[in-house]
Amino acid sequence: YHELCESHRSTKILRAPIICVLGHVDAGKTTILDNLRQTHVQDNEAGGITQQIGATNVPLETIYKRTEMCRKMITRKDDFIIPGLLIIDTPGHEIFKNLRSLGSSFCDLAILVVDIMHGLAPQTIESIELLTKRQIPFIIALNKIDLLYDWKSNNKENIELVLQEQSQITKNHFEKRYNDIICQFAQQNLNVALYYKNPDPNEFYSIVPTSARSGDGMGSLIALIIEKCQTTLTKRLTYTDELQATVMEVKSNYGYGTTIDIVLINGHLSVGDKIIIAGQEGPIVTQIRRLLIPESNQELRVTNQYQTHEKVKGACGIRILATDLEKSMVGLPLFVARQTDEIDYFKNEIETILKTILNS
Ligand code: GDP
């Protein structure tokens, strides 16, 4: 009985998992991100808007809708226990280089994007090394399946069925590419398998064939993310009120002055909180004036439609308005002093972190 209560309690307080997308250049990371967030950032980039860091909250309703055709992949089909997904907008492993003081705590689950036509490439291998070193679980999106010979696109069905319904010649082409890529992973000492043939998810990394362009397999990819989060990752995703937050970006906004975009992983923040972050000339102590969250499914940089909040809970991406943020540094933690004597304590913490960075 006690155990039942415990499990019930813990399921009630899962936070949104933080998802990162990694892989070689041109594998389709940005297109996958766009599809997951249902935004069209790539079009903006093509129009010259530079890549910036943010995080997108994908709410449950969207996830329910998008996994309709493959709900059978999810053990808890109708009562998801995660409150949504938090997707880091910047693709690539470079993002981790800015986060060196944070260890592996940042990303809960990664999507490793591999171009089915090209297989593993240098940045795929760098990404694998980074993920395995930091023990970050990942799912492989074998992307661009629409480029297989005579591929018949269908984004309304789960990808297992869509593959079954291809002509023999398309299936053969898939098998050949797939087998090559399995060998390339084996050379990196990794066992991988199609998610629906995976003999042991603890031993084999799952592969989901996708076309980020047509959307084929994207529902299956999302379903697999949900399933993993709600089974093997529940412990990690249990919400704790101990603050864990990272500064992702410093921005100068017309009308708002300098603001910081942060990812709040655990804990809560309120207007009026005294925050301590790293600055180029030492710790910065300031007070939260406003907390802004872009509307659902819109990321921090694309929109001007913000909702202001008095209090926010992890995990989410938020923009903070406060004074004295001009010299803030990114990739480092944000602390809150709930008591006055904690200010000095956290200033010391920041100084220690800054010293470590200078010496590394
Ligand atoms: P990134 O460098 O990994 O972020 O890759 P992008 O998302 O920018 O994609 C690189 C190119 O591949 C772009 O021209 C995309 O339109 C294209 N692309 C991405 N995903 C797919 C896909 O599933 N199928 C096809 N045919 N092209 C894709």
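Note that the coordinates shown come from a computational prediction; the quantities given were computed from them, not determined experimentally.

What counts, and where the lines are drawn
- Residues numbered from 1 in each chain as written.
- Predicted model: local features only at pLDDT ≥ 70, side-chain atom pairs only at ≥ 80, totals over all residues.
- Heavy atoms only, no water.
- Helix = DSSP H or I, 4+ residues; strand = E, 2+ residues; numbered from the N terminus.
- Buried < 20%, exposed > 50% of the residue type's maximum accessible area, 1.4 Å probe, protein only.
- Contact = heavy atoms within 4.5 Å.
- Areas by Shrake-Rupley, 256 points an atom, 1.4 Å probe, with all protein chains shown as cover.
- Salt bridge = Lys/Arg side-chain N within 4 Å of Asp/Glu carboxyl O.
- Polar contact = N/O pair within 3.5 Å; in protein donor to acceptor, adjacent residues only side chain to side chain.
- Phe/Tyr/Trp six-rings, centres within 6.5 Å; stacked < 30°, edge-to-face > 60°.
- Expected span 1.5 Å × (residues − 1).
- Arc of directions from axis to C-beta.
- 1 Å grid on protein atoms, 1.4 Å probe; cavity = no way out; pocket = protein on both sides within 12 Å on 5 of 7 lines; lining within 4 Å.
- Points joined across faces, edges and corners; volume = space filled by probe spheres on them.
- Nonpolar A, V, L, I, M, F, W, Y, C, P; charged D, E, K, R; others polar.

Engineer: How should I be thinking about the overall build of the protein chain in this particular structure?
Structural biologist: Counting secondary structure elements, the protein chain contains 10 helices and 17 strands. By residue count, 54% of the 360 residues in the protein chain fall in the buried class. Sequence separation of 24 or more characterises 73% of the internal contacts of the protein chain that already satisfy a separation of 6 or more. Carbon and sulfur atoms provide 48% of the accessible area of the protein chain, an area that totals close to 16900 Å².

Engineer: Just to check I follow, could you spell out the pattern of salt bridges for this structure?
Structural biologist: A full pass over the atoms with the stated rule returns 14 salt bridges. With a closest N to O distance of 2.7 Å, R236 and D108 form a salt bridge. Of the two residues, R236 sits in the loop between helix 9 (218-230) and strand 8 (244-253) while D108 sits in the loop between helix 5 (94-97) and strand 4 (109-115), which places them 128 residues apart along the sequence. According to the relative accessible area criterion, R236 is partly exposed, its value standing at 29%. D108 gets classed as buried once you look at its relative accessible area, which sits at 0%. D115 is the salt-bridge partner of K144, the closest N and O atoms lying 3.5 Å from each other. Taken together, the residues K144 in the loop between strand 5 (138-143) and helix 7 (159-164) and D115 in strand 4 connect sequence positions 29 residues apart. Residue K144 is classed as partly exposed on the basis of its relative accessible area, which comes to 24%. Taking the relative accessible area as the measure of exposure, D115 reaches 6% and is therefore buried.

Engineer: Teacher, can you tell me more about the side chain of R319 here?
Structural biologist: Examined against the element boundaries, R319 turns out to sit in strand 16 (residues 316-321). R319 sits in the buried class, given a relative accessible area of 3%. At 2.7 Å, the side chain of R319 forms a polar contact with the side chain of D261.

Engineer: Looking at this structure, how should I read the packing of aromatic side chains?
Structural biologist: The relative placement of two aromatic rings is captured by the distance of their centres and the angle of their planes. Scanning the model with the defined rule gives six aromatic pairs in all. Judged by centre distance (4.3 Å) and plane angle (20°), the ring pair of Y64 and F80 falls under stacked. Of the two residues, Y64 is situated in helix 4 (residues 60-66) and F80 in the loop between helix 4 and strand 3 (84-88); the sequence distance between them amounts to 16 residues. Of the residues examined, Y64 reaches a relative accessible area of 22% and is grouped as partly exposed. Ring geometry for F138 and Y205: centres 4.1 Å apart, planes at 15°, overall stacked.

Engineer: Help me understand helix 8 (residues 168-187) in this model?
Structural biologist: Owing to its 3.6 residues per turn, the α-helix aligns residues three or four sequence positions apart on the same side. Taking 1.5 Å as the rise per residue, helix 8 with 20 residues should run 28 Å; its terminal C-alpha atoms sit 29 Å apart, in good agreement. Residues of helix 8 that are buried include every one of T170, F174, R177, Y178, I181 and F185, and no others. Angular distribution of buried residues about the axis of helix 8 spans 105°; they occupy a single face of the element. Away from the buried face of helix 8 by more than 90 degrees, exposed residues Q168, K176 and Q187 are located. Close packing links the buried residues of helix 8 with strand 4, helix 6 (122-133), strand 5, helix 7, strand 6 (192-194) and strand 7 (205-209). Residue N189 follows helix 8 closely and has a positive phi angle near 65°.

Engineer: Please clarify how unusual backbone geometry should be interpreted in this entry.
Structural biologist: Leaving glycine out, the prevailing phi sign among residues is negative, and the prevailing peptide bond configuration is trans. Residue A315 is bonded to the preceding G314 through a cis peptide linkage, with omega at 0°. Inspection of the secondary structure puts A315 in the loop between strand 15 (311-313) and strand 16. Its identity is not glycine, yet Q135 carries a phi of approximately 55°, on the positive side. Locating Q135 in the fold gives a position in the loop between helix 6 and strand 5.

Engineer: Before we go on, may I ask you to explain the layout of surface pockets in this structure?
Structural biologist: Where empty space is left in the structure can be found by rolling a water-sized probe over the atoms. Taken as a whole, the largest pocket encloses approximately 460 Å³ of empty space. In terms of lining residues, the largest pocket is bounded by 22 residues, among which P201, N202, F204, S206 and K228 are the most central. Elements with a minimum of two residues in the lining of the largest pocket: helix 6, strand 5, strand 7 and helix 9. Considering each element in turn, the lining of the largest pocket owes the most residues, three residues, to helix 9. Its residues assigned to classes, the lining of the largest pocket shows 12 nonpolar, seven polar and three charged.

Engineer: I keep staring at the environment of I265 and nothing clicks. Help me out?
Structural biologist: Along the chain, I265 falls in strand 9 (residues 257-266). Sequence separation between I265 and Y239 is 26 residues; the distance between their C-alpha atoms is 8.7 Å.

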